[in-house]
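A structural walkthrough
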Amino acid sequence: MEHGHGLHRGRTLGAATAAHLGRLVRDELSPGDKLPPERTLAEDLAVSRTTVREALQELERRRLVSRTPGRGTVVLPRSVEADQLLGLVDGARSERDPSETEHVSEFRALVEPQIAGLAARRADESDLLQLEGVLASTHAGLSPAESLAQDVAFHVQVARASGNPLFVSLCELSSGWVEDVRAKSHSTSHGRRSSFEWHERIHDAIRRHDEAAARQAMADHLTDVAHLVERTPHQ
């Protein structure tokens, strides 16, 4: 059982690592740039090289990078569609659009409760174990960065439990869009505790295969995050 628990935790950690590296590729690197070696990434992110390798494989599957023996990992040109989609967010950030937080909240409120409902309908025992693994790795002693990573991992795993790989890709892609909001909500101990408690309620509804309760718990969670962010002073 412990072996299985470690495997599920590794998968969710790998999803969070893939989301982080995806943001690195999008925000800080250009097509043709090389990513740091696996060992360096593992040290910087405080994860194993296996986790980094699996995250890079996920980025390769999404055609964000190319991995070649002897050459390393190279950023690929993005498709026109991806550039247009990412450009909407990058443009808003560069202009410091005051309504950006509202756009993020609206996007999540529309999409994520529906994903949670599908997860409640379709989640199997493996999905439930992986969600439990994320919750088991979340505790009061986590730093804001660690808590945020577990937050990403939980929401990605809910998307996996929906059974639709497109929702997983959307959740991972949107992690970059919602990072500023998440960072604010995890900057206080109250915010981190609140996030964990809502995740427990969402998991419980998914475990009971209660679609309506899962949708409502996710919607209430996102409303709580929005209120938390409004009350958190700008840093």
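Residues numbered from 1 in each chain as written. Predicted model: local features only at pLDDT ≥ 70, side-chain atom pairs only at ≥ 80, totals over all residues. Heavy atoms only, no water.

So, about the pairing of strand β2 (residues 72-75). Moving residue by residue along a regular strand, the side chains alternate between the two faces of the sheet. Examined bridge by bridge, strand β1 (residues 65-68) and β2 share 4 bridges and lie antiparallel to one another. Of the residues in β2, the one forming a bridge with S66 is V74. The hairpin turn running from β1 into β2, its antiparallel successor, is 3 residues long, and G70 in that turn takes a positive phi close to 90 degrees. (Pairing = 2+ DSSP bridges. Helix = DSSP H or I, 4+ residues; strand = E, 2+ residues; numbered from the N terminus.)

In this section: the pattern of salt bridges. Scanning the model with the defined rule gives 9 salt bridges in all. Note that E38 is salt-bridged to R53, the shortest N-O span being 3.1 Å. Highlighted residues: E38 in helix α2 (residues 38-45) and R53 in helix α3 (residues 49-61), separated in sequence by 15 residues. Looking at E38, the relative accessible area reads 17%, which means it is buried. A residue is classified by how much of its surface remains accessible, and R53, at 30% relative accessible area, is partly exposed. Taking the shortest distance from any N to any O, the salt bridge between R121 and E211 comes out at 3.3 Å. Here R121 is found in helix α5 (residues 100-122), whereas its partner E211 is found in helix α11 (residues 211-231), with 90 residues between them in sequence. (Salt bridge = Lys/Arg side-chain N within 4 Å of Asp/Glu carboxyl O. Buried < 20%, exposed > 50% of the residue type's maximum accessible area, 1.4 Å probe, protein only.)

This paragraph deals with the environment of I206. Its place among the elements puts I206 in helix α10 (residues 189-207). Residue classification places I206 among the buried residues on the basis of a relative accessible area of 0%. A sequence separation of 83 residues divides I206 from A123, and the C-alpha atoms of the two residues are 7.2 Å apart. The contact partners of I206, leaving out residues within four places of it in the chain, are A116, A119, A120, A123, L128, L131, V158 and A214. (Contact = heavy atoms within 4.5 Å.)

Taking 1.5 Å per residue as the helical rise, α10 with its 19 residues ought to reach 27 Å, and the 27 Å between its terminal C-alpha atoms agrees with that figure. Burial in α10 covers these residues: G191, R192, S194, S195, W198, H199, I202, H203, A205 and I206. H209 sits one or two residues past α10 and shows a positive phi near 55 degrees. (Expected span 1.5 Å × (residues − 1).)

This part takes up the nonpolar core. Of all hydrophobic cores here, the largest spans 30 residues; its most connected members are F154, V158 and I206. Among the elements of the structure, α1 (2-27), α5, α6 (125-136), α7 (144-161), α8 (165-174), α10 and α11 are those that each provide at least two residues to this core. Sorting elements by how many residues they give to this core places α7 first, with 8 residues. Setting aside chain neighbours within four positions, we find F154 in contact with L131, V134, L135, H199, I202 and H203. Counting residues in each nonpolar core, the second largest holds 15 residues, with V25, A42, A55 and L56 among its members. (Core = buried A, V, L, I, M, F, W, Y, C linked by side-chain atoms within 4.5 Å.)

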